[in-house]
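Fold and contact review
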Amino acid sequence: MDTASQPVITADPFALPDHVRVLRDRIREFVRGEVIPAEPALLSGGDTARTTLDDLRAKARANGLWGLSHPAEIGGRGLPLADYVHIGEAEGESEFGPAVLGSEHLLDALMLHRHATPAVRDRYLPGVLDGRTTPCYGMSEPGRSGSDPSLMTTRAEPAATGWKIRGSKWFSRAAKADFMTVICRTEPLGLSNSQAFTMFLVPTDTPGFQQVRELSVLGTDGDHREVRLDDVLVPDEHMIGQRGAGFAVAGERLDLGRTLRAVQWLGQSRRAFGLLCRRLHQRTAFQERLAAKQLMQQHVFDSYVEIQAARSQVLRAAAAVQSGRRAYAEVAAAKVLASRALCQVLDRAVQVYGAEGLIDDTPLSRMYRKARATRIYDGPDELHVHTVAKRLLKAYAGDPEIEADVF
């Protein structure tokens, strides 16, 4: 036989490395077998929720599944971000997966590890890593456009014993937090944003730190708060990063944070897709399974395509962030695609379930309400569409005969 004429068979370029696949499958089994069945208890609040969370975390540790997202130098598995995407998607099938498995506060752990003073890092990082200490982040302000940080009015001024902070923040998960990372103006007006703002770690038990009111997000979440900082005093060592360089730290958080959120939304999309498909096989109408009806098959096809497209872009964004460069276009596109896929797949799933999809007999009602917020978190979709489009068009603003390298 002439072997030269035979097709060359290569390995699947999308195949996961064995160690990643094994971890992903273990996480998926744990989330589906342990976390999802415990969601009613975790949603109940109070001592029941706390005890259930502690028990699940203990099981995760016992199974070697805790903190896989963290770098090896601070006790994690040290997985590259492009590999962790697959793990994070499995964690994200439950909204409680990241909290149970120790990845919920990865951004804060990395921030403390990379930018905190040694005293603050030693005091707070171990608690964040093992789940004893709960952080929150204070950037958005009431009455201000979160898309335009130059409008931020919270200020920090030098004081005899450190810094005095005055202002308001909101949509921060401060209800149970031990500290808030606050970004505020420290430099005069007229300087660029990249030089005018500084981050500080503020313990929530500091005098002057006040929780003003609860902010219920579409009826699904009571942890968000509006917070007032009334001449809150923090020592110099609580500065995160350098003075005036708060936006550099914030930008680092945003690229990774948007990518990680998109990863979790993929997990939620996958769960919704499974619910949709199983329902189509279970329900009969007019002497025929719903799965046999063409309009229902269109729901399945469209959902599959949207999830796969979002996953491809999320992997591209993760690779770009992992490379260490600013990757706004890749990350913004991933955030928008993953959010859209989640909202659209959930909408179809609710439609297929009918009245049952509107109530809490299934997880779809809560998932659907929580998904709506994804189009606003980390910058509204319109901001990302506008900014990415401008950058792409700029690449084509030169010689019309030259193909821009944007892919």
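Let us look at the structure shown here. (Residues numbered from 1 in each chain as written. Predicted model: local features only at pLDDT ≥ 70, side-chain atom pairs only at ≥ 80, totals over all residues. Heavy atoms only, no water.)

**Quick notes on a nonpolar patch on the surface**
The condition is simple: Patch rule: a residue counts if its relative accessible area is over 30% and it has no salt bridge; like charges are joined within 9 Å, and nonpolar side chains (Val, Leu, Ile, Met, Phe, Trp, Tyr) within 5 Å. Areas reported as accessible are Shrake-Rupley estimates using a 1.4 Å probe. Residue values count occlusion only from the protein chains shown. Whenever Lys or Arg places a side-chain nitrogen within 4 Å of a carboxyl oxygen from Asp or Glu, that contact is recorded as a salt bridge. Numbering of helices and strands starts at the N terminus; helices are DSSP runs of H or I of at least 4 residues and strands are runs of E of at least 2.
A cluster of nonpolar side chains, contributed by F301, Y304 and V305, occupies part of the molecular surface with about 300 Å² of accessible area. Relative to the assigned elements, F301 resides in helix α10 (residues 294–322).

**Notes on the layout of surface pockets**
The cut-off we apply is this: Buried and open spaces are told apart on a 1 Å grid over the protein atoms alone, a cavity being a set of points where a 1.4 Å probe fits but cannot get out and a pocket being an open set with protein on both sides within 12 Å along at least five of seven lines. Residues with an atom within 4 Å of a point are the lining residues. Grid points are joined across faces, edges and corners, and a volume is the space filled by probe spheres set on the points. Basically, the charged four are Asp, Glu, Lys and Arg, the nonpolar ten are Ala, Val, Leu, Ile, Met, Phe, Trp, Tyr, Cys and Pro, and anything else, Gly included, counts as polar.
As a volume, the second largest pocket reaches approximately 910 Å³. Residue lining of the second largest pocket: 28 residues in total, with R28, E89, R270, Q308 and R311 positioned closest to the centre. Of all the elements in the fold, those that place two or more residues in the lining of the second largest pocket are α1 (18–35), α4 (81–91), α9 (246–282) and α10. Of the residues belonging to the lining of the second largest pocket, the class tally is 13 nonpolar, four polar and 11 charged.

**Description of α4**
The condition that has to hold: Buried residues are those whose accessible area, probed at 1.4 Å on protein chains only, stays under 20% of the maximum for their type, while exposed residues exceed 50% and partly exposed ones sit between those limits. By definition in these notes, contact holds between two residues if any of their heavy atoms fall within 4.5 Å.
Extensive coverage of α4 is indicated by the burial of 10 of its 11 residues. L81, D83, Y84, V85, H86, I87, G88, E89, A90 and E91 are the residues of α4 that are buried. Contact partners of the buried residues in α4: α1, α5 (97–101), α9 and α10.

**Topic: empty space enclosed by the protein**
Tallied over the full model, the rule gives two cavities of 30 Å³ or more. In this structure, the largest cavity encloses a volume near 90 Å³. Every residue lining the largest cavity is listed: M139, S140, E141, R144, S145, G146, D148, P149 and M152. In this model, the second largest cavity occupies a volume close to 50 Å³. Lining the second largest cavity, in full, are L107, L110, M111, R114, E252, R253 and L256. Contributions of two or more residues to the lining of the second largest cavity are made by α6 (106–115) and α9.

**Digging into the pattern of salt bridges**
According to the stated counting rule, one finds 27 salt bridges in the structure shown. Note that E252 is salt-bridged to R114, the shortest N-O span being 3.1 Å. Within this pair, whereas E252 is found in helix α9, its partner R114 is found in helix α6, the two being separated by 138 residues in sequence. Close ionic contact of E187 with R243 constitutes a salt bridge, the shortest N to O distance being 2.7 Å. Within this pair, whereas E187 is found in the loop between β4 (179–185) and α8 (193–196), its partner R243 is found in the loop between β8 (239–240) and α9, the two being separated by 56 residues in sequence. For E187, a relative accessible area of 12% corresponds to the buried category. Overall, the relative accessible area of 44% leaves R243 in the partly exposed class. One connected set of salt bridges, linked through shared partners, spans R28, R32, E93 and R270.

**A short note on unusual backbone geometry**
Among all residues except glycine, the phi angle is most often negative; among peptide bonds, the trans geometry is most common. Here L218, not a glycine, exhibits a phi torsion of approximately 50°, which is positive. Note on placement: L218 falls in the loop between β6 (209–214) and β7 (225–234). Notably, D378 is not glycine yet its phi reads approximately 60°, a positive angle. Along the chain, D378 turns up in the loop between α12 (364–372) and α13 (381–395).

**A word on the packing of α4 against α9**
The test is simple: Here an axis means a line fitted to C-alpha atoms, over the contact stretch when the element is a helix, while the angle between two N-to-C directions is reported on a 0 to 180 degree scale. Working rule for handedness: look at the near helix, and if it is turned counterclockwise from the far one by less than a right angle, call the crossing left-handed; if clockwise, right-handed.
Relative to each other, α4 and α9 sit at 40°, their axes nearing to 8 Å. Where α4 crosses over α9, the two elements pack in a sense that is right-handed. Contacts between α4 and α9 involve L81, Y84, V85, G88 and E89 on the former and, on the latter, L256, T259, L260, V263, Q264, L266, G267 and R270. Class assignment for the residues of the contact of α4 with α9 results in seven nonpolar, four polar and two charged.

**With respect to the nonpolar core**
The criterion, for reference: Residue types Ala, Val, Leu, Ile, Met, Phe, Trp, Tyr and Cys, when buried and joined through side-chain atoms within 4.5 Å, form a set referred to as a nonpolar core.
Counting residues in hydrophobic clusters, the biggest one holds 62 residues, and the most contacted among them are I27, I87, L101 and V314. A total of 12 residues in this core trace back to one element, the largest contributor, which is helix α11 (residues 328–353). Ignoring sequence-local partners within four residues, the contact set of I27 consists of L65, L68, I87, A90, E91 and L101. With 21 residues, the next largest nonpolar core counts A116, Y124, I183 and A196 among its residues.

**Description of the packing of α1 against helix α3 (residues 46–62)**
Here is the rule we go by: Here is the rule for angles: anything less than 35 degrees is roughly parallel, anything more than 145 is roughly antiparallel, 65 through 115 is roughly perpendicular, and the remaining ranges are oblique.
The N-to-C vectors of α1 and α3 enclose an angle of 150°; their axes lie 12 Å apart at closest approach. One finds that α1 runs roughly antiparallel with respect to α3. When you trace α1 past α3, the crossing you get is right-handed. Residue-level inspection shows F30, E34 and V35 of α1 in contact with α3, the latter providing L56, K59 and A60. Taken together, the residues of the contact of α1 with α3 sort by class into four nonpolar, no polar and two charged.

**Concerning α6**
Counting buried positions over the 10 residues of α6 gives seven, a clear majority of the element. Within α6 the residues assigned to the buried category are L106, L107, D108, A109, L110, M111 and L112. Where α6 is buried, its residues meet α7 (118–130), β1 (135–138), β4, β5 (197–203), β8 and α9.

**Observations concerning the pairing of β7**
Note the following rule: Whether two strands pair comes down to DSSP finding at least two bridges between them.
With seven bridges connecting them, strand β3 (residues 162–172) and β7 associate as antiparallel partners. In the sheet register, I165 faces β7, and the bridge partner there is V232. Judged from the five bridges that link them, β6 and β7 form a sheet pairing that is antiparallel. Across the sheet, the residue bridging to Q210 is R228, located in β7.

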